[in-house]
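Coordinate analysis (summary)
Here's the letter readout for the chains.
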Amino acid sequence: MTVQDPNLYPVTPRNRAKRVSERARYDRAAVHAILDAAMLCHVAYVIDGQPYCTPTLHWRRGDTLYWHGSSASRMLRHLKPGVAACVTVSHLDGLVLARSGFNHSANYRAAMCFGTARILPEGPEKEEALWAVVDRFYPERSAGLRPITGQEAKATMVIAMPIDEASAKVRAKGVGDNPEDLTHPVWAGVIPVSTVIGAAEPCPHVPEGMARPATLAPYAEGARLDDALRQTQAIYEGEAP
Ligand SMILES: Cc1cc2nc3c(=O)[nH]c(=O)nc-3n(C[C@H](O)[C@H](O)[C@H](O)COP(=O)(O)OP(=O)(O)OC[C@H]3O[C@@H](n4cnc5c(N)ncnc54)[C@H](O)[C@@H]3O)c2cc1C
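Residues numbered from 1 in each chain as written. Predicted model: local features only at pLDDT ≥ 70, side-chain atom pairs only at ≥ 80, totals over all residues. Heavy atoms only, no water.

**Regarding the overall build of the chain**
A count of helical and extended segments in the chain gives five helices and 10 strands. If one aligns the C-alpha atoms of the chain with their principal axes, the spans along those axes are about 65 × 55 × 35 Å. For the chain, the residues scored as buried account for 39% of the 241 residues in total. Summarising the internal contacts of the chain: among those between residues at least 6 apart in sequence, 71% fall at separations of at least 24. For the chain, the accessible surface area stands at approximately 14,100 Å², while carbon and sulfur atoms represent 59% of it. (Helix = DSSP H or I, 4+ residues; strand = E, 2+ residues; numbered from the N terminus. Buried < 20%, exposed > 50% of the residue type's maximum accessible area, 1.4 Å probe, protein only. Contact = heavy atoms within 4.5 Å. Areas by Shrake-Rupley, 256 points an atom, 1.4 Å probe, with all protein chains shown as cover.)

Written out as structure tokens, the structure is:
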């Protein structure tokens, strides 16, 4: 009997990367770092033979991914009995321009997670999740908000997916030209790409003199969004220094 390393997701035919497999990682830390550095994921599942791939916001607690949506959503209601799902997060980090069309590439970090997605029933786990969707991104924010109404809670479904298997794939390097192409006289290199926080635009109804709370410091103008999200995840999981 093989003993599964608890730091790794099990590797199966479903999550084993084939092409450029040296870019693949199966450790929880690598997968979580990619998930936590994004707000946006794509959730894919099949309903009655039809594939759907829905962009939405996600958050992670331990080894469970969460996302939420309207109770009126026909697609989300189909998840009720539990449905096999694949959640993907990807970051574009650089444009890689080579000396041949074939060797053009991209620097990226991507994670794919597999599991069974289910709707949380009414109760404490759902209530906690409805606050988590705010506090995970904006530390301590729920404490200052008006309470959730019963109607709002009823109108919102929260979906949870324990991650059964996952993989990460990362490209973070320069141009991968063939040696014989290196003297070809054309510009080649990497153009870095990142998502950066802009200047905040306060709502006109904010009382005069009210400053942005210090807990939003990770979202300072000019900061990288992925850095801000990693910092707020550390606070959410209680790992902040
Ligand atoms: C921004 C970006 C640009 C890309 N551009 C290209 C491109 O132009 N051409 C190209 O061939 N590929 C590209 N890729 C890589 C692509 O996502 C796949 O990795 C690749 O097409 C197929 O890999 P495979 O045959 O090993 O995996 P498959 O056989 O398709 O999948 C097997 C398993 O490997 C794992 N896996 C595969 N890909 C990923 C991934 N990206 N992240 C995490 N786990 C993964 C999954 O668990 C999957 O179930 C790009 C990725 C990103 C994020």
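Once you've had a look at it, read on.
**Points about the pattern of salt bridges**
Counted according to the given criterion, the structure contains 13 salt bridges. In this structure, arginine 14 and glutamate 165 form a salt bridge, with 3.1 Å as the shortest nitrogen-oxygen distance. Taken together, the residues span a long stretch of sequence, with arginine 14 in the segment before strand S1 (24–25) and glutamate 165 in strand S9 (residues 165–171) at a distance of 151 residues. With a relative accessible area of 43%, arginine 14 lands in the partly exposed category. (Salt bridge = Lys/Arg side-chain N within 4 Å of Asp/Glu carboxyl O.)

**Quick word on the confidence of the model for the chain**
Residues of the chain with pLDDT of at least 70 account for 98%, and the chain-wide mean is 93. Here helix H2 (residues 74–77) is the element of the chain with the lowest mean pLDDT, 71, and strand S10 (residues 189–192) is the one with the highest, 98. (pLDDT = per-residue confidence, 0-100.)

**Notes on the nonpolar core**
Val31, Leu35, Tyr45, Leu65, Trp67, Cys113 and Met161 are the most contacted members of the largest nonpolar core, which totals 28 residues. Among the elements of the structure, helix H1 (28–36), strand S2 (40–47), strand S5 (64–70), strand S6 (83–97), strand S7 (105–119), strand S8 (156–162) and S9 are those that each provide at least two residues to this core. Setting aside chain neighbours within four positions, we find leucine 35 in contact with His58, Arg60, Leu65, Val89, Ala111, Cys113 and Ile163. In terms of nonpolar packing, the next biggest core, distinct from the first, is built from 19 residues, Leu120, Ala132, Leu229 and Tyr236 among them. (Core = buried A, V, L, I, M, F, W, Y, C linked by side-chain atoms within 4.5 Å.)

**Looking at the pairing of S7**
The pairing of S6 with S7 spans 13 bridges and is antiparallel. If you follow valine 89 over to S7, its bridge partner there is alanine 111. Here S7 pairs with S9 via seven bridges, running antiparallel. Across the sheet, the residue bridging to tyrosine 108 is arginine 171, located in S9. (Pairing = 2+ DSSP bridges.)

**Thoughts on helix H5 (residues 225–236)**
The end-to-end C-alpha distance of H5 is 16 Å, a good match for the 16 Å that 12 residues give at a rise of 1.5 Å each. If you check which residues of H5 are buried, you get Asp226, Ala228, Leu229, Thr232, Gln233, Ala234 and Tyr236. Buried residues in H5 make contact with H1, strand S4 (59–61), S7 and helix H3 (124–135). Trailing H5 by a residue or two, glycine 238 shows a phi angle of about 75°, which is positive. (Expected span 1.5 Å × (residues − 1).)

**Let's talk about the packing of aromatic side chains**
Each aromatic ring pair is specified by the distance between its two centres and by the angle formed by the two planes. Scanning all chains against the criterion turns up three aromatic pairs. Residues tryptophan 59 and tyrosine 66 carry aromatic rings whose centres are separated by 5.6 Å and whose planes lie at 15° to one another, so their mutual orientation is stacked. Overall, the relative accessible area of 2% leaves tryptophan 59 in the buried class. Residue tyrosine 66 is classed as buried on the basis of its relative accessible area of 11%. Considering the side-chain rings of tyrosine 138 and tyrosine 219, the 5.7 Å spacing of their centres and the 50° angle between planes classify their relative orientation as tilted. Of this pair, tyrosine 138 sits in the loop between H3 and helix H4 (150–155) while tyrosine 219 sits in the loop between S10 and H5, placing them 81 residues apart in sequence. The exposure class of tyrosine 219 is buried, given its relative accessible area of 9%. Aromatic ring contacts, followed pair by pair, group Phe137, Tyr138 and Tyr219 into a single cluster. The ring centre of tyrosine 9 lies 4.3 Å from the NZ or CZ of arginine 28, which sits over that ring. (Phe/Tyr/Trp six-rings, centres within 6.5 Å; stacked < 30°, edge-to-face > 60°. Lys NZ or Arg CZ within 6 Å of the ring centre and 35° of its normal.)

**Some details on the layout of surface pockets**
There is about 450 Å³ of room inside the largest pocket. Taken together, 17 residues line the largest pocket, and the ones lying closest to its centre are Arg141, Ala211, Arg212, Pro213 and Leu216. Taken together, the residues that form the lining of the largest pocket break down as 11 nonpolar, two polar and four charged. Its volume calculated, the second largest pocket comes out at about 330 Å³. Elements that contribute at least two residues to the lining of the second largest pocket include exactly S2, S6 and H5. When residues in the lining of the second largest pocket are grouped by element, the largest group, six residues, is from S6. Looking at the lining of the second largest pocket residue by residue, the classes come out as nine nonpolar, six polar and four charged. (1 Å grid on protein atoms, 1.4 Å probe; cavity = no way out; pocket = protein on both sides within 12 Å on 5 of 7 lines; lining within 4 Å. Points joined across faces, edges and corners; volume = space filled by probe spheres on them. Nonpolar A, V, L, I, M, F, W, Y, C, P; charged D, E, K, R; others polar.)

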